[in-house]
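So you can see what is in the structure, the chains are spelled out below.
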Amino acid sequence: MKLSDVVAFMGHQVHVCRYREAGTLLSWMGRDLHGKRVLDVAGGDGYWAGRARRRGAHAVSIDLARGKMVYGRTLADAPALIECDALRLPFGDASFDAVLSVCAIEHFDDGGKSLDEMARVLKPGGEIFMSADVLSRADEWPKLRDAHKAKYHVQHTYTHESLRKLMDERGLDLVRHSYQFRTAATERLYLSLSTYGGKVGFNAAAPLAPLVALADRSAPNRQGSIVLVHARKR
């Protein structure tokens, strides 16, 4: 394994939430993706699109962060990496069988426009697997909320219901959803790591991931820090 793959593994999978978040979306997508065209929107270095490629997909990752994509090209399972704007995708209508997007929509000024583009490039019957910041209780900790939003350029937050409405308007039907960091304690942990953890805070907190998952299983699936959704195009 190349050093770049080790570093990418540590950055993406040794993480208090990202492995469970993206891993869940990929598990919903399926183990066998042979013959499928998969687009990762705002995929950074393309690591998670590369996981889809390992399952047989023809995977494409788009982003505007050129440095991340240059690095992504050094990974063993690098997808096709294209520098472009998520609000103006350079693909024809109905070009992909599946769209993946890991906590990206909250960073866009116009989340609806990004969903317009995702829906446009998706084939009828194709599926979207995406996550978004919810921050259900963030108003209880305004300093943590504001620091998180400023640090990660969070423009909007979403719930499964608000995403359901946006998707329905674009011919997408919500299939299922799941919240992560569902309890008050774990949501405060999420915001605290974001605010005070520095560049490696979420990675350093990776040993807590099983405890967060356990807390999530015991809490109602109706609020949290992150929401995962799976939708299908009519």
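Residues numbered from 1 in each chain as written. Predicted model: local features only at pLDDT ≥ 70, side-chain atom pairs only at ≥ 80, totals over all residues. Heavy atoms only, no water.

Looking at the layout of surface pockets
And step 1. Its boundaries defined by the atoms lining it, the largest pocket holds a volume of some 1,200 Å³.
And step 2. Lining the largest pocket we find 41 residues, and of these Arg-18, Ala-42, Lys-68, Cys-103 and His-107 sit closest to its centre.
And step 3. For the lining of the largest pocket, the secondary-structure elements that each account for two or more residues are helix 1 (3-12), helix 3 (47-54), strand 2 (58-63), helix 4 (66-72), helix 6 (142-151) and helix 9 (201-204).
And step 4. Here the lining of the largest pocket gets four residues from one element, more than from any other, and that element is helix 1.
And step 5. Split by residue class, the lining of the largest pocket holds 20 nonpolar, eleven polar and ten charged.
And step 6. Quantified by volume, the second largest pocket comes out at close to 220 Å³.
And step 7. As for the second largest pocket, its lining consists of Gln-13, Tyr-19, Gly-23, Leu-26, Arg-31, Trp-48, Arg-51, Arg-54 and Arg-55.
And step 8. Listing elements by their share of the lining of the second largest pocket, those giving two or more residues are helix 2 (18-29) and helix 3. (1 Å grid on protein atoms, 1.4 Å probe; cavity = no way out; pocket = protein on both sides within 12 Å on 5 of 7 lines; lining within 4 Å. Points joined across faces, edges and corners; volume = space filled by probe spheres on them. Helix = DSSP H or I, 4+ residues; strand = E, 2+ residues; numbered from the N terminus. Nonpolar A, V, L, I, M, F, W, Y, C, P; charged D, E, K, R; others polar.)

What to know about helix 7 (residues 160-168)
And step 1. When helix 7 is considered as a whole, its buried residues turn out to be His-160, Leu-163, Leu-166 and Met-167. Seen from one end, helix 7 has its buried residues packed into an arc of 125°, which puts them on one side.
And step 2. Against helix 5 (111-121), strand 5 (122-133), strand 6 (172-180) and strand 7 (226-233) lie the buried residues of helix 7. (Buried < 20%, exposed > 50% of the residue type's maximum accessible area, 1.4 Å probe, protein only. Arc of directions from axis to C-beta. Contact = heavy atoms within 4.5 Å.)

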